[in-house]
Amino acid sequence: MEIKNAYLLDLLKRTEQRNAGEPEFIQAVTEVFATLEPVIEKRQDLVDAGVLERIVEPERQIIFRVPWVDDKGVSHVNRGFRVQFNSAIGPYKGGIRLHPSVNLNIIKFLGFEQTFKNSLTTLPMGGGKGGSDFDPKGKSDNEIMNFCQSFVNELYRHIGADLDVPAGDIGTGAREIGYMFGQYKRLRNEWVGVFTGKGLNYGGSLARKQATGYGLCYFTNEMLQANGTSFHGKTVLVSGSGNVAIYACEKATSYGAKVVAMSDSNGYIYDKNGIDLDAVKQIKEVERKRIKEYLNYHKDAEYHEGCKGIWTIPCDIALPCATQNEIDGESAKILVKNGCKVVSEGANMPSTPEAIDTYLSNGLLYGPAKAANAGGVATSGLEMTQNSMRLSWTFEEVDEKLHGIMKSIFKACDEASTEYGMKGNYMAGANIAGFLKVAEAMKAQGNV
Ligand code: NDP
């Protein structure tokens, strides 16, 4: 990924200086800039309106103390974040990540990506992201509740149904959203759809749980069909074993593919007979245990320590669904050598720039995260709509809308890549289509 345009190079340099020590944020900005060159050359009006300078600077960044007390009475302090990146096309919208690796840099990279992703969904949602360096692993329900309540004791002043609507992400599932929503409702004394990913009996949407994984496979299926192939009979690797990974595995299997491996942050399992997803759901969704427990269900499967090894298993299609930069240049080369033809991203920014260069130079079909995993936030948008209408749609209605949105996202990426002379480069297509909608809105609203 090389940038030649002098204006973009200069702006990238200024962005690096202003955000020193934030490598993932700079990585995300660089990837977008690298594909915007033909747009910038055509659209001097957007340069003159300062759209690019503004789009890399979050509208607001909130950092706060989150004190909480564990079950032994010991007090702890974590750091909370909410970055409200861009509200040009709608209220800020984006998940809350709870993981020890969370810092401002990680939240900014995610918020920046979210702005373009939300634009692609066709729904009116701006970009935001939040989180904390709190580690939910090994904590009791009571400790999780104490943390979530303390987190919302500050966050509640900055969010609202028409202002900023958080959702789940790594470490934040239905349990955490429930505690956060409950605390918000208590503090504000109002019932509004201020979080998405809520439980089904208090305003949640059917199919939200499945949406990111299913949406990833809907997008991938469109990409495969447009290139004369399909999931049927293909061998698939899915990294992670959380929300996105589980439902990607389910939908890929229903399309006739065989998923042979999944992972967590400790290691990966390989089951040449195809992953038994009921066992994975029992281990991860019910018992909250480690993926190696899979061997208790299938003694002939293999477990290997370390998560990178999953990419050494021969496959046709790789669906990274764990975390950022999980496929580096070396893993990408091994995937290619072993015959992998497709990489489509469930996680946010799971491929390093070197990995992406390897996919593109070897002619792989590459579904970039901000398009391929947009089904989650799109369905969150549908949850907001249902809350505003005081209605609940059936699973089939939501799933059908999600499917339609993923088809239109693929179409937008395909058309933009063709229009700007990079046909088949869906990363360029996603960045350009996502950018243009936000950029036009920012220009129309003046220099704010
Ligand atoms: P979960 O917390 O449900 O699952 C995350 C999975 O990834 C777990 O298996 C976890 O293993 C693994 N993982 C997390 N961090 C690391 C790491 N540093 N190294 C290796 N493995 C890791 O999260 P989600 O499934 O919700 O999110 C997965 C990805 O998808 C993230 O990038 C997220 O931003 C993205 N995403 C999620 C959406 C959603 O709707 N949930 C929407 C769009 C994108 P372990 O249990 O050991 O930590």
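Reference entry: report on the structure contained in this document. Computed from a predicted model, the values in this text were never measured in an experiment. (Residues numbered from 1 in each chain as written. Predicted model: local features only at pLDDT ≥ 70, side-chain atom pairs only at ≥ 80, totals over all residues. Heavy atoms only, no water.)

## Quick notes on the overall build of the protein
Reasoning step 1: Counting its secondary structure elements, the protein contains 16 helices and 12 strands.
Reasoning step 2: Its C-alpha atoms give the protein principal-axis dimensions of roughly 60 × 55 × 45 Å.
Reasoning step 3: If you take every contact in the protein between residues at least 6 apart in sequence, the share linking residues at least 24 apart comes to 71%.
Reasoning step 4: Total accessible area on the protein is roughly 17600 Å²; 50% of this is exposed by carbon and sulfur atoms.
Reasoning step 5: In the protein, which carries 50 positive and 54 negative side-chain charges, the distance between the mean positions of the two groups comes to 3 Å. (Helix = DSSP H or I, 4+ residues; strand = E, 2+ residues; numbered from the N terminus. Contact = heavy atoms within 4.5 Å. Areas by Shrake-Rupley, 256 points an atom, 1.4 Å probe, with all protein chains shown as cover. Lys, Arg positive; Asp, Glu negative; His and termini not counted. Charge placed at Lys NZ, Arg CZ, Asp CG, Glu CD.)

## So, the sheet that holds strand β2 (residues 75-86)
Reasoning step 1: Here five strands make up an open sheet; going across it, the order is β1-β2-β4-β3-β5 and the pairing mixed. Only two strands of the sheet have a single partner each, and these edge strands are β1 (60-69) and β5 (164-167). The average angle at which neighbouring strand axes cross in this sheet is 20°, direction not considered.
Reasoning step 2: In this sheet, strand β4 (residues 126-132) lies alongside strand β3 (residues 92-98) in parallel orientation, the contact comprising five bridges. When the sheet's bridge partners are listed, Arg97 is paired in β4 with Gly131. (Pairing = 2+ DSSP bridges. Axes fitted to C-alpha atoms, helices over the stretch in contact; angles between N-to-C directions.)

## Concerning the packing of helix α2 (residues 23-42) against helix α16 (residues 426-444)
Reasoning step 1: α16 packs onto α2 with a crossing angle of 75° between their chain directions and a minimal axis gap of 9 Å. Between α2 and α16, the crossing angle belongs to the class labelled roughly perpendicular. Only Met427, Ala428, Asn431, Ile432, Phe435 and Leu436 of α16 make contact with α2, whose side of the interface consists of Glu31, Val32, Thr35, Leu36 and Val39.
Reasoning step 2: Considering only residue class, the contact of α2 with α16 consists of eight nonpolar, two polar and one charged. (Parallel < 35°, antiparallel > 145°, perpendicular 65-115°, else oblique. Nonpolar A, V, L, I, M, F, W, Y, C, P; charged D, E, K, R; others polar.)

## Regarding helix α15 (residues 395-419)
Reasoning step 1: Taking 1.5 Å of rise per residue, the 25 residues of α15 would be expected to cover 36 Å, and the 36 Å separating its terminal C-alpha atoms lies within 8% of that figure.
Reasoning step 2: When we look at burial in α15, the residues that qualify are Val398, Asp399, Leu402, Ile405, Met406, Ile409, Phe410, Cys413, Asp414, Ala416 and Ser417.
Reasoning step 3: Its buried side turned inward, α15 meets α5 (104-120), α8 (208-226), α13 (369-372), α14 (375-389) and α16.
Reasoning step 4: Just beyond α15, the residue with positive phi is Gly421, at close to 75°. (Expected span 1.5 Å × (residues − 1). Buried < 20%, exposed > 50% of the residue type's maximum accessible area, 1.4 Å probe, protein only.)

## Some remarks on the pairing of β4
Reasoning step 1: For β4, the buried fraction is high: seven of the seven residues fall into the buried class.
Reasoning step 2: With burial as the criterion, each face of β4 is covered, one bearing Gly126, Gly128, Gly130 and Ser132 and the other bearing Gly127, Lys129 and Gly131.
Reasoning step 3: In this sheet, β4 lies alongside β2 in antiparallel orientation, the contact comprising six bridges. Counterpart to Gln84 in the pairing with β4 is Gly128.
Reasoning step 4: Taken together, β3, α5 and β4 constitute a β-α-β crossover, and its handedness is right-handed. (Right-handed = clockwise from strand over helix to strand, strands pointing away.)

## Some thoughts on the side chain of Arg175
Reasoning step 1: Along the chain, Arg175 turns up in helix α7 (residues 174-188).
Reasoning step 2: Ignoring anything within four residues of it in the chain, the contact list for Arg175 reads Asp141, Ile144 and Arg288.

## Thoughts on the nonpolar core
Reasoning step 1: The biggest cluster of nonpolar side chains holds 52 residues, and the ones touching the most others in it are Phe219, Met262, Leu319 and Ile409.
Reasoning step 2: If one sorts the elements of this core by residue count, α8 sits on top with eight residues.
Reasoning step 3: Setting aside anything within four residues of it in sequence, one finds Phe219 in contact with Ser344, Gly367, Ala371, Ala372, Met406, Ile409, Phe410 and Cys413.
Reasoning step 4: Judged by nonpolar contacts, the second largest core, of 44 residues, contains Leu8, Phe33, Leu52 and Ala88. (Core = buried A, V, L, I, M, F, W, Y, C linked by side-chain atoms within 4.5 Å.)

## Topic: the packing of aromatic side chains
The geometry of two aromatic rings is summed up by the distance between their centres and the angle between their planes.
Reasoning step 1: Evaluated as defined, the whole model comprises 17 aromatic pairs.
Reasoning step 2: Ring centres of Phe112 and Phe116 lie 4.9 Å apart, and the angle between their planes is 75°; on these two criteria the pair is classed as edge-to-face. Of this pair, Phe112 and Phe116 are both found in helix α5, four residues apart, which corresponds to roughly one turn of the helix. Here Phe112 and Phe116 have matching classes, each one buried.
Reasoning step 3: For the pair Phe231 and Tyr255, a centre-to-centre distance of 5.4 Å together with 5° between the ring planes defines the contact as stacked. Here the residue Phe231 occupies a position in the loop between α8 and β6 (235-238), and Tyr255 occupies one in the loop between α9 (243-254) and β7 (258-263), the gap between them amounting to 24 residues.
Reasoning step 4: A relative accessible area of 23% places Tyr255 in the partly exposed class.
Reasoning step 5: Grouped by ring-pair contacts, the aromatic residues Phe64, Trp68, Phe134, Phe147 and Phe151 constitute a single cluster.
Reasoning step 6: Sitting over the ring of Tyr420, Lys42 keeps its end group 4.5 Å from the ring centre. (Phe/Tyr/Trp six-rings, centres within 6.5 Å; stacked < 30°, edge-to-face > 60°. Lys NZ or Arg CZ within 6 Å of the ring centre and 35° of its normal.)

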